[in-house]
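Architecture at a glance
The residues making up each chain are set out below.
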Amino acid sequence: MKPAPELLAPAGSLEMLETALAYGATAIYAGQPRYSLRVRNNSFGDMAQLGQGIATAHAANARLYVVSNIYPHNAKIKTYLADMAKVVALQPDALIMADPGLIDMIRETWPEMPIHLSVQANTVNYAAVRFWQKLGISRVILSRELSLDEIAEIRQQCPDMELEVFVHGALCIAYSGRCLLSGYFNHRDPNQGTCTNSCRWDYQVKPTQTDATGDVYLIEEASRPGQLMPIEEDEHGSYIMNSKDLRAIEHVQRLVDIGVDSLKIEGRTKSPYYVARTCQAYRRAIDDAVAGKPLDPRLLAELDGLANRGYTDGFYQRHHDAEYQNYLHGSSRSGRSLYVGRLTGYGSNGLAEVEVMNRFAVGDRLELIHPRGNLDVQLAAMWNQDGASVQIAPGNGHRMRIQLPAGLEGAFVARYLPV
């Protein structure tokens, strides 16, 4: 049996951290707002919260890595070691870093602290991996822009270096984090953790104009009417449009065979439902791959239920044959679902109490997502908080009672979508 890679999950809060562990993650990454690339929706700037997160992970026999991967300007250099002393004292399992100067400062001050090289460093070849290994880096998080064959060659050339890759989550339209759009529009630097995701705004393509070099493509952003911006397009693509999201669950088997040490899910600003769904799906995919079982196509449909901008497997495999495309897009469409609520507990009458997030109704087929296993139910009846029978849970802000088996506290509730 092949060794199982680590399943590394994001956490922007203790609730996300606890959810990820419950649904199969074996490691967590979290970052301080000041020194990582996720300033918003991040509660780990509080040392007590971070300490509790590290303790919780260790109690579950899991690891926690602290992200410290900004490329800082001078002002942050002056406070860095004093601030990081509090973090190092909490004994995280590693720091995820990118900037050579900060790495050197950490190595000099705390030589025993393991350092993982961030994807921000854009490592795309085995010579670079060897370079970082000579500097004492214990793990390299490879660039998202690599193919499976390139990752395999890096593993062959660097057999004793830990390698980590992303398998799910948002993709940049530039090499990870190197986009200039947010800084241009809002003066908020992506490499300082304040990216406004300008690539995902609403742009309209306007009629092209022609100059001496040929056609010029113009776009207009919804909140900037009349400001037409030129974009360039060549044989590699166009460079100011939204990217699809990464979903590489179909490549877990190959990554296990290659010997990648860690499979990483992106999304520290996402919801607990997101981390539950992704961890549960990738946990099953990893376990099946290690056991030599084929991928369960239903996992693709389960991930379709998450909010996404369409899925791609990124650069892992450039061209899929027709049979493989059919496998990806024709499998288990009946299994697609939408997150509609959270089971918060049971009342004295034995009915399950659901905090509603999105609309659902009597007659819907629901899925209960729970760490001990998922359960499908046909909703036959529903009551509001006053005990009155109702047909529809209108949406966010309502609480409903439904009849469910005991022992599902904390379960996420999803509604299956019509085919």
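Please refer to the structure higher up on the page.
All of the points below concern the structure found in this document. (Residues numbered from 1 in each chain as written. Predicted model: local features only at pLDDT ≥ 70, side-chain atom pairs only at ≥ 80, totals over all residues. Heavy atoms only, no water.)

**With respect to the overall build of the chain**
In terms of helices and strands, the chain carries 11 helices and 24 strands. Counting every position in the chain, which comprises 419 residues, the buried fraction comes to 51%. Of the contacts formed within the chain by residues at least 6 apart in sequence, a portion of 66% connects residues at least 24 apart. When the accessible area of the chain is evaluated, it comes to approximately 19200 Å², of which 50% is carbon and sulfur surface. (Helix = DSSP H or I, 4+ residues; strand = E, 2+ residues; numbered from the N terminus. Buried < 20%, exposed > 50% of the residue type's maximum accessible area, 1.4 Å probe, protein only. Contact = heavy atoms within 4.5 Å. Areas by Shrake-Rupley, 256 points an atom, 1.4 Å probe, with all protein chains shown as cover.)

**A few points about helix α9 (residues 272-290)**
Taking 1.5 Å as the rise per residue, α9 with 19 residues should run 27 Å; its terminal C-alpha atoms sit 27 Å apart, in good agreement. When you tally the buried positions in α9, you get 17 out of 19 residues, the bulk of the element. Downstream of α9 by a residue or two, Gly292 has a phi angle that is positive, lying close to 80°. (Expected span 1.5 Å × (residues − 1).)

**Some thoughts on the pattern of salt bridges**
When the charged atoms of two side chains with opposite charge come close together, those side chains can pair. One pass over the full model with this rule turns up 17 salt bridges. The partner of Asp287 in a salt bridge is Arg283, and the shortest N-O contact between them spans 3.1 Å. Of this pair, Asp287 and Arg283 both sit in helix α9, separated by 4 residues, roughly a single helical turn. A relative accessible area of 16% means that Arg283 is categorised as buried. Where Arg365 meets Asp376, a salt bridge forms, and the shortest distance between an N and an O atom there is 3.1 Å. (Salt bridge = Lys/Arg side-chain N within 4 Å of Asp/Glu carboxyl O.)

**A word on the pairing of strand β20 (residues 375-378)**
Across 4 bridges, strand β19 (residues 365-369) lies against β20 in antiparallel orientation. Bridge pairing in β20 links Leu368 to Leu375. If you look at the hairpin formed by β19 and β20, you'll find 5 residues sitting between the two strands, and Gly373 has a positive phi there, around 135°. (Pairing = 2+ DSSP bridges.)

**Some remarks on the packing of helix α1 (residues 14-22) against helix α2 (residues 47-59)**
Two measures define how a pair of helices packs: the angle their axes make with one another and the distance between the axes. Where α1 meets α2, the axes come as close as 10 Å, and the angle between the chain directions of the two elements is 10°. Relative to α2, the element α1 is oriented roughly parallel. Contact residues: α1 offers Leu14, Leu17, Glu18 and Leu21, while α2 offers Gln49, Gln52, Gly53, Thr56 and Ala57. Classifying every residue of the contact of α1 with α2 gives 4 nonpolar, 4 polar and 1 charged. (Axes fitted to C-alpha atoms, helices over the stretch in contact; angles between N-to-C directions. Parallel < 35°, antiparallel > 145°, perpendicular 65-115°, else oblique. Nonpolar A, V, L, I, M, F, W, Y, C, P; charged D, E, K, R; others polar.)

Structural measurements only, silent on function.
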